[in-house]
Amino acid sequence: MLPRPLTPLAAPNGAEPRGRARRAPLGRARAGPGSPPLLLPSMLMFAVIVASSGLLLMIERGILAEMKPLPLHPPSREGAAWRSTAPKPGAPSPEAGDSDLRVLQDVRNRTLRAVCRQPGMPRDPWDLPVGQRRTLLRHILVSDRHRFLYCYVPKVACSNWKRVMKVLAGVLDSVDVRLKMDHRTDLVFLADLRPEEIRYRLQHYFKFLFVRDPLERLLSAYRNKFGEIREYQQRYGAEIVRRYRPGAGPSPAGDDVTFSEFLRYLVEEDPERMNEHWMPVYHLCQPCAVHYNFVGTYERLEADANQVLEWVGAPPHVRFPARQAWYRPASPESLHYHLCSVPRALLQDVLPKYILDFSLFAYPLPNVTREACHQ
């Protein structure tokens, strides 16, 4: 059974902390004086979230845990799975037996509705500033064959979802084909289409995204990009070391960035101009401007992904790839270790950049009390 469409939230932009000098973001040009103002989730916005009763409900339940031109209107698939299984109002979700999961879903729905109803929040992508709209449309993938839109979030299994979409499009024979993922070829993005084509798909297609604990996602990006990817070490890592490590010298390798140095860099970055691997989800996917039908989670990745495949009418042989035995994702334990090694004041500076990701998607803020860190 398909969940009711969410009434989601917009991505307020990041603001500069008071009293802190601004630095140009690495690898990006600074916005000019005529750029739209950057907003950060304010205390008022946070109060709206609390007033929505989402966080209160969490506390109550103890869960604070290359291509031919596309047709303007692709032919409808009669009996499309997600439409034929759409629930009536008040119908239970597929996980109706899991009370904690239902509470989390209710938290997301309440909070998204409450925030998106606020004056000035976008109702569709054309309400967004040009830069934010460009980011959004570049992150929504299109399947016309199965009539769905997927907003990809880096470090939340997006490579596997792109592999699945290539199988559904007939480009790959199987999700198990061993090859390096090309993140652009044979994929269609909303940004590739004309405005009228975009509007049609946003109105008629099934729309979903997957989310992950915000700090766990940051740790995954840090470990992967600065521990394994030379391009990131040279483009970002070397400059981070020069900025934040006394006596680093003029030409550091950038392959030994500490987690604290990475967080200090994030504090000085404008969220809407960040690299996509650490940009907040609300800037990537704009869940007020796009009314997503489903928000899956990394914690329930395989179950949620296969449920989506069933809803969009994927052939039975197409399944979401299983996690490789050798893969070691950033775990809650590893995250706890890293956070306890970070100065608490630094963490307090980072959290506001991601507070809506925590609140909207019902993830707990980290417990880094002295007692918790010494357990």
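Remember, predicted model here, so these are calculated numbers, not experimental data.

### Topic: the nonpolar core
Residues Trp161, Phe262 and Trp278 are the most contacted members of the largest nonpolar core, which totals 97 residues. The element best represented in this core is helix H14 (residues 344-360), accounting for 9 residues. Here Trp278 is in contact with Arg217, Leu218, Ala221, Lys225, Phe226, Tyr232, Tyr236, Phe262, Tyr265, Leu266 and Tyr354, once residues within four sequence places are set aside.

### Notes on the state of the cysteines
Two cysteines, two sulfur atoms, one covalent bond between them: this is a disulfide. Under the criterion given, the structure shown has 3 disulfides. The partner cysteine of Cys151 in its disulfide is Cys285, sulfur to sulfur 2.0 Å. Judged by the torsion about the S-S bond (-95°), the Cys151/Cys285 disulfide is left-handed. You can see Cys151 sitting in strand E2 (residues 148-151) and its partner Cys285 sitting in helix H11 (residues 281-285), a full 134 residues away along the chain. Across a sulfur-sulfur distance of 2.0 Å, Cys340 and Cys373 are joined as a disulfide pair. Because the sign of the S-S torsion sets the handedness, a value of about -85° for the bond joining Cys340 and Cys373 places this disulfide among the left-handed ones.

### What to know about the sheet that holds strand E1 (residues 140-143)
The sheet built from 4 strands is open, its strands ordered E1-E2-E3-E4 with mixed pairing. Lying at the two open borders of the sheet, with one neighbouring strand each, are E1 and strand E4 (294-297). Direction aside, neighbouring strands of the sheet carry axes that sit 25° apart on average. Bridge count for strand E3 (residues 206-211) against E4 is 4 bridges, and the pairing is parallel. Residue pairing in the sheet places Phe210 in a bridge with Gly296 of E4. On the sheet, helix H6 (residues 158-168) packs against E1, E2 and E3 and is oriented at approximately 160° with respect to E2.

### A look at helix H13 (residues 332-340)
Taken residue by residue, H13 has Ser334, Leu335, His338 and Leu339 as its buried positions. Looking straight down H13, one finds its buried side chains confined to an arc of 130°; they lie on one side. The outward face of H13, more than 90 degrees from its buried face, is lined by the exposed residues Pro332, Glu333 and Tyr337. Considering only its buried residues, H13 is in contact with helix H8 (214-228), helix H10 (259-267) and H14.

### Regarding the pairing of E1
Residue alternation in E1 divides its side chains into two sets, Ile140 and Val142 and Leu141 and Ser143, and both sets are buried. In this sheet, E2 lies alongside E1 in antiparallel orientation, the contact comprising 4 bridges. Bridged to Ser143 within E2 is Phe148. Here E1 folds back onto E2 in antiparallel fashion, the turn holding 4 residues, of which Arg147 has a positive phi close to 55°.

### So, the packing of aromatic side chains
Centre distance and the angle of the planes are the two values used to describe a pair of aromatic rings. Across all of its chains, the model carries 25 aromatic pairs by this definition. Aromatic side chains Trp161 and Phe208 sit 5.0 Å apart centroid to centroid with 55° between the ring planes, which places their arrangement in the tilted category. Separated by 47 residues along the polypeptide, Trp161 in helix H6 and Phe208 in strand E3 bring together distant segments of the chain. The same class applies to Trp161 as to Phe208, namely buried. Ring centres of Phe210 and Phe294 lie 6.4 Å apart, and the angle between their planes is 75°; this geometry places the pair in the edge-to-face category. Placement of Phe210 in strand E3 and of Phe294 in strand E4 is noted, with a sequence separation of 84 residues between them. Exposure remark for Phe210: the relative accessible area of 1% places this residue in the buried category. On the basis of relative accessibility, which here comes to 6%, the residue Phe294 falls in the buried class. Counting every residue linked through ring pairs, the aromatic cluster contains Phe148, Tyr150, Trp161, Phe206, Phe208, Phe210, Phe294, Trp311 and Phe320. Positioned above the aromatic ring of Trp126, the side-chain terminus of Arg199 is 4.0 Å from the ring centre.

About the thresholds
- The residue numbering used here restarts from 1 in each chain and proceeds along that chain's sequence as written.
- In keeping with the model being predicted, local features are shown solely for residues with a pLDDT of at least 70 and side-chain atom pairs are shown and tallied solely at 80 or more, while totals for entire chains, interfaces and linings include all residues.
- Side-chain numbers here rest on the full set of heavy atoms in the structure, without hydrogens or water.
- Residue types Ala, Val, Leu, Ile, Met, Phe, Trp, Tyr and Cys, when buried and joined through side-chain atoms within 4.5 Å, form a set referred to as a nonpolar core.
- We call a residue buried when its accessible area falls under 20% of the maximum for its residue type, exposed when it is over 50%, and partly exposed in between, using a 1.4 Å probe and counting protein chains only.
- Runs of E in the DSSP output that reach at least two residues are strands. Runs of H or I that reach at least four are helices, and both are numbered from the N terminus.
- Contacts are assigned to residue pairs with any non-hydrogen atoms lying within 4.5 Å of each other.
- The criterion for a disulfide is a pair of cysteine sulfur atoms lying within 2.5 Å.
- DSSP bridges decide pairing: two strands pair if at least two such bridges lie between them.
- Whenever a helix is involved, its axis is fitted only over the stretch in contact; in every case the axis is a line through C-alpha atoms, and angles between N-to-C directions fall within 0 to 180 degrees.
- Directions from the helix axis toward the C-beta atoms define the arc.
- Geometry of aromatic contacts follows a simple scheme: Phe, Tyr and Trp rings, the Trp one being its six-membered ring, pair when their centres are within 6.5 Å, and the pair is stacked under 30 degrees between planes, edge-to-face over 60, tilted otherwise.
- Charge over a ring is defined by NZ of Lys or CZ of Arg lying within 6 Å of the ring centre and within 35 degrees of the ring normal.

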